[in-house]
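# Structural features, examined
For reference, the chains in residue letters:
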Amino acid sequence: MMGVKDWVLSQLVSKSVVSSSQLSAGDRFSNDESLNEEFSNQVAADTSHSPISNQENQNDDPLQQVVVENSCQSHSGTDEKKLDPLAKIERLQINFLRLVQRLRQSQDNLVVSKVLYRMHLASLIRAGESDLKRTNLRSNRARKIAAEQEASGLPELDFSFRVLVLGKTGVGKSATINSIFNQFKAVTNAFQPATDRIQEIGGTVNGIKISFIDTPGLLPYSTSSVGRNRKILSSVKRFIRKSPPDVVLYFERLDLMNVGYSVFPLMKLITEVFGSGIWFNTILVMTHSFSALPDGPNGYPLSYESYVTQCTDLMQHHIHQAVSDSKLENPVLFVENHPHCKTDITGEKILPNGQVWKSQFLLLCVCTKVLGDVNTILQLRDGIELGPSNTTRLPSLPHLLSSFLRHRTVVGPSGADAEADVILSSDMEGEDEYDQLPPIRILTKTEFEKLTKLQQKDYLDELDYRETLYMKKQLKEEAHRRGEEKMRKDGTLGSDGSSDNQEPPEAVQLPDMAVPPSFDSDCPVHRYRCLLTGEQWLARPVLDPHGWDHDVGFDGINLEIVTELKHNVVASVTGQLSKDKQDFSIQSECTAVYVDPRGPTYTVGLDIQSATKNMIYTVHSNAKVRHFKHNVTECGVCVTSFGEKNYIGAKIEDSVSVGKRLKFSMNAGCMGIFQQAAYGGSLEATLRGRDYPVRNESLSMTLTILSFNKETVVGGSFQTDFRLSRGTGMSVSGNLNSRKMGQVCVKTSSSDHVEIALIAVISIFRALLRRRATNHMETLETG
C-alpha cells in the first residue's frame, strides 16, 4: 500500500499535466503561477546560501561524475540500471534542458520552469538525508551542463516518444501528422475518411524521434455508431497494450464548435474502454484554428481569445463529466494545416495570436514525456488516480466527544422525565397546596375592566399562581398514578379490577404547526393537524419553512413512540425522515432502558444519522447508579461507525443535587481511533425555578475543556430560560472559548399582541430613518 509521502509526491509530479491549461501567446500554463514562482525562488535562495552548495562550488568532481555517468548511460543500458533514482532524475533534467535549447525555447518559459520545479520538488521529497547534497544541485549548474553537452554533441541525445492520435473522422489527424514532419506520410481526404486501419508513422523532428499511432476516425455519436466506435477503440487498445504511448492527442475542429456542441458521449466511451488514466497524458488539439470566427450575440465577430477560451472550457467540461473529476485540466494546442496559413520568417505556420504551433506541440509532448518518465523512475504510477474521491470527510474527534458527553434524559413508560418524577414524588407527602386555597370568583370582562390597574395586576397574579399550583397538582396525580400502576404490576398493590373497565383515553388534538406565510385564500393548517390517541405511535409531518409558495410544504415525517416491552424494560424511538428525488436523510435515536428494582438503571441505544451519501451509526450503553438520594453516578461507552472507521469512547458522569433547585454535574471522557484520541470534560451548575417542573425556568452555567493533538480549548457557556411576563418568555444563551470564538443567542416568544406590534413599529421606524439618511446623502452628493 502506497505511503502518504508517495501519494503526495505522485500528485505533485502529475500536477504539472493535470493543472495545465490552454497556451496562448503569453505561454500561460497554470493558474498557480505566483505560487510556483515564489516557491521556486525560495528553494533557489535557500540552496544558494546552504553550506552544501558552497561545498559543491569548491569541488567540481561530483559534477564531472554526473557528466561521465550521463555519457555512459546513453551508450550502456547496464550502467543505467546501476544508477539510483535520484541520478536518473538528474540525467533526465539535463536532457530536458538540452531539448529546450534544441527547440529554441527560453529556459525562463513558464512551461519549462514548472516542469523543472516539479522534478526538483519530487526529488526533495523522495531523497533521504544522505542524498540531500545531490538533490540540492543548483539549477544554473544543470543548465551549464546541458549547454556544454548540447554544444559539443556529447553524449548523443537519444530522446523519443510515441503519440496516440484519437478523434472523429475529418478533424485533421493525418494532416497534422504531415504538417509536423513537413512531408506527406499519411493519406488525407477532405470528403471521406482516409485512414481505415491502425498504422504507425515514424520520423525525426529537430533530432527527436517521433512515432505516431494513426487510428481510424470515430463517427459522431448516434445509436448506430456506438458499436463501431467501441470496436475501433478496442482494437486500438489491443494495439498499444505491449507498448503504451507517451502522449495522447485528442482532435476536434475549432471552427465547428458552438454553445450546443457536445462530445461527452464519445469521451465517456473512450474513458470506458481505456480507463480514466488516459486523460492524464492527453493534449487537446483544436484544428482549423485560422478559420473565420463566428458572430457574437451583438452581431460582431468574437475575439480570438474569447472564442478559444469558450471552446476550451466546453471541452474541459466534457472531460470532467467523463472522468467524474473536476481537478483535471488538459493542455490545449491550436493547429492550422491549411497551406495558405500565415507563416513567420522561418516558414513555420503561426496562429492569429502569433503563436508557432509546431514548436509548441513539441514542447508539450516533451514535457508530458519527461514527467511520465519521472513517475516511472520514482514508481508513482499507482498513486495517480482520477474519478470521484473515495476519501470522505471524517467527523472530528472533538465533535464526537462533545456529542457523547451530552447528558441524555431517561424517559419513563409514559414519556415523562424520570428526574422530574423523583422531584414530584418528594412533594406528595401532606395535603396539596391547591386544595388549601380559598375559592375565587372568576370575573367577566366587564367586571375586570372596572378594576383599577393595581387591582387588575393583583387579580392576574392570583390567577397565575393558582394555575401554577393546579398544574403541579396534575403532575403529582399523574406521577402517583404511574407509581400505583407500577406497584400493581409488581404485585405489591392489589387490583380492584377498575383498570380493566377503564375507557380508552379520548383523542386530543395537538397544537397547530406554524405554517409559512402564503398568498393562498385559505390557510393550509388543517392539512397538518394531528390527533393524540391511545395508540403508541405518534406521527407528525415535517414542514419546510423556506418552501415555494402555493406548495404543500411537506418535507418529511417525524415518528415517536415510548412503550414498555417487558417488566421494567422501556423502549423509545424518535426519528425524522425526509426523501426527495435526489436526497435522502434520516435522524433516529433508539433507546432501551432497564430499571433494576435494586436501584441501577441500564441503557442501550442506537443512533443513526445520514451524512451526505453515507450513514453514521452510534451504539452507546450507560449504567446509572443512585448512591444517595441526591447523588447519581453514571458511566458509559459508545462505538461510532462511519465508513470503514470505528471510533470508541468512554465517559463517567456524576451529579449532586442540593435541595430541589440547585444541581451540580461533572463529567469526563475520551474518544479515540487508532493512535489519535480526544479528551474532555465539563462542570455544570444549574439553578431551577421555584415552579419546576411546571415552569421550565432555569439558569445553567457550564465550563468545558477539550484536548486534541496537544491543543487544549477551554470554553464557558450559559443558558437561561425565564418569563418576562405572563404571556412572554425569553431564552438567552451564549458561549466563549479560549480561541476567542463565541456567540450570543436571544429568543423571545410572546402571546401578547402589544409586544409584537411594538417590535414591528420599531423595525419599520428604523427602516424609514435609514432610508431617509440614504436619500439625504444622495442629495448632498448630487448637489
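Cut-off values and rules
Residues numbered from 1 in each chain as written. Predicted model: local features only at pLDDT ≥ 70, side-chain atom pairs only at ≥ 80, totals over all residues. Heavy atoms only, no water. Helix = DSSP H or I, 4+ residues; strand = E, 2+ residues; numbered from the N terminus. Buried < 20%, exposed > 50% of the residue type's maximum accessible area, 1.4 Å probe, protein only. Areas by Shrake-Rupley, 256 points an atom, 1.4 Å probe, with all protein chains shown as cover. Salt bridge = Lys/Arg side-chain N within 4 Å of Asp/Glu carboxyl O. Contact = heavy atoms within 4.5 Å. Pairing = 2+ DSSP bridges. Axes fitted to C-alpha atoms, helices over the stretch in contact; angles between N-to-C directions. Patch = residues over 30% accessible without salt bridge, like charges linked within 9 Å, V, L, I, M, F, W, Y side chains within 5 Å. Parallel < 35°, antiparallel > 145°, perpendicular 65-115°, else oblique. Left-handed = near helix turned anticlockwise from the far one by under 90°. Nonpolar A, V, L, I, M, F, W, Y, C, P; charged D, E, K, R; others polar. Phe/Tyr/Trp six-rings, centres within 6.5 Å; stacked < 30°, edge-to-face > 60°.

## Observations regarding the overall build of the chain
- Across its full length, the chain carries 20 helices and 22 strands.
- The burial tally for the chain puts 37% of its 783 residues in the buried class.
- Put simply, the chain shows about 46500 Å² of open surface, and 55% of that area lies on carbon and sulfur atoms.

## With respect to the pattern of salt bridges
- Applying the stated criterion across every chain, the model contains 14 salt bridges.
- Its salt-bridge partner being Arg230, residue Glu272 comes within 3.2 Å of it at the nearest N-O pair. Taken together, the positions of Glu272 in helix 12 (residues 264-274) and Arg230 in helix 11 (residues 226-239) put the pair 42 residues apart, joining distant regions of the chain.
- A salt bridge links Lys369 to Asp246; the nearest nitrogen and oxygen atoms lie 3.4 Å apart. Here Asp246 lies in the loop between helix 11 and strand 4 (247-253) and Lys369 lies in helix 14 (residues 357-377), a separation of 123 residues in the sequence.

## Some thoughts on the environment of Phe404
- Mapped onto the secondary structure, Phe404 falls in helix 15 (residues 397-405).
- The class for Phe404 is buried, based on a relative accessible area of 8%.
- Measuring from C-alpha to C-alpha, the distance between Phe404 and Gly636 comes to 9.2 Å, with 232 residues separating the pair along the chain.
- When neighbours within four sequence positions are excluded, Phe404 is seen to be in contact with Gly636, Val637, Cys638, Gly649, Ala650, Lys651 and Met671.

## Some points on the pairing of strand 13 (residues 601-611)
- In terms of strand pairing, strand 12 (residues 584-595) meets strand 13 through 9 bridges, oriented antiparallel. Residue pairing across strands places Tyr594 opposite Tyr602, the latter belonging to strand 13.
- Between the end of strand 12 and the start of strand 13, which pair antiparallel, lie 5 residues, with Gly599 showing a positive phi angle near 135 degrees.
- Two strands pair when backbone bridges link them, and strand 13 and strand 14 (residues 614-628) are joined in this way by 11 bridges, in the antiparallel orientation.

## Notes on the sheet that holds strand 4
- Reading across the sheet, the 6 strands line up as 2-3-1-4-5-6 and stay open at both edges, with mixed pairing between neighbours. Two strands bound the open sheet, and with one partner strand each, they are strand 2 (199-205) and strand 6 (332-334). Across the sheet, the axes of successive neighbouring strands diverge by a mean angle of 25 degrees, strand direction being ignored.
- The pairing of strand 4 with strand 5 (residues 282-287) spans 6 bridges and is parallel. By the bridge assignment for strand 5, Phe251 is matched with Val285.

## Examining a nonpolar patch on the surface
- Judged by side-chain polarity, Trp537, Phe554, Ile557, Leu559, Leu577 and Phe584 come together as a nonpolar surface patch covering roughly 560 Å² of accessible area.
- Considering each element in turn, the nonpolar patch owes the most residues, 3 residues, to strand 10 (residues 554-566).
- Within the element layout of this structure, Leu559 appears in strand 10.
- Classification of Leu559 as partly exposed rests on a relative accessible area of 34%.

## Things to note about unusual backbone geometry
- Positive phi, normally seen in glycine, also occurs at Arg104, with a value near 60 degrees.
- In this structure, Arg104 sits in the loop between helix 6 (85-102) and helix 7 (110-126).
- Judged by its relative accessible area of 74%, Arg104 falls in the exposed class.
- Phi at Asn182 is positive, roughly 55 degrees, even though this residue is not glycine.

## Some points on the side chain of Arg98
- Along the chain, Arg98 falls in helix 6.
- Those residues in contact with Arg98, other than ones at most four positions away along the chain, are Ala146, Gln149, Glu150, Gly153, Pro155 and Leu157.

## Section: the packing of helix 11 against helix 12
- For the pair helix 11 and helix 12, interaxial distance at closest approach is 10 Å and the crossing angle is 40 degrees. As summarised for this structure, helix 11 and helix 12 are arranged oblique, according to the angle between their axes. For the element pair helix 11 and helix 12, the recorded crossing hand is right-handed. In contact with Val226, Asn229, Arg230, Leu233, Ser234, Val236 and Lys237 of helix 11, helix 12 contributes Leu266, Leu269, Ile270, Glu272, Val273 and Phe274.
- Partitioning the contact of helix 11 with helix 12 into residue classes produces 8 nonpolar, 2 polar and 3 charged.

## Some words on the packing of aromatic side chains
- Applying the stated rule across the entire model yields 7 aromatic pairs.
- Ring geometry for Phe159 and Phe161: centres 6.4 Å apart, planes at 65 degrees, overall edge-to-face. The burial state of Phe159 is the same as that of Phe161; both residues are buried.
- When the ring of Phe212 is compared with that of Phe361, the centres are 6.2 Å apart and the planes differ by 15 degrees; the resulting orientation is stacked. Separated by 149 residues along the polypeptide, Phe212 in strand 3 (residues 208-214) and Phe361 in helix 14 bring together distant segments of the chain. The residues Phe212 and Phe361 share a single accessibility class, namely buried.

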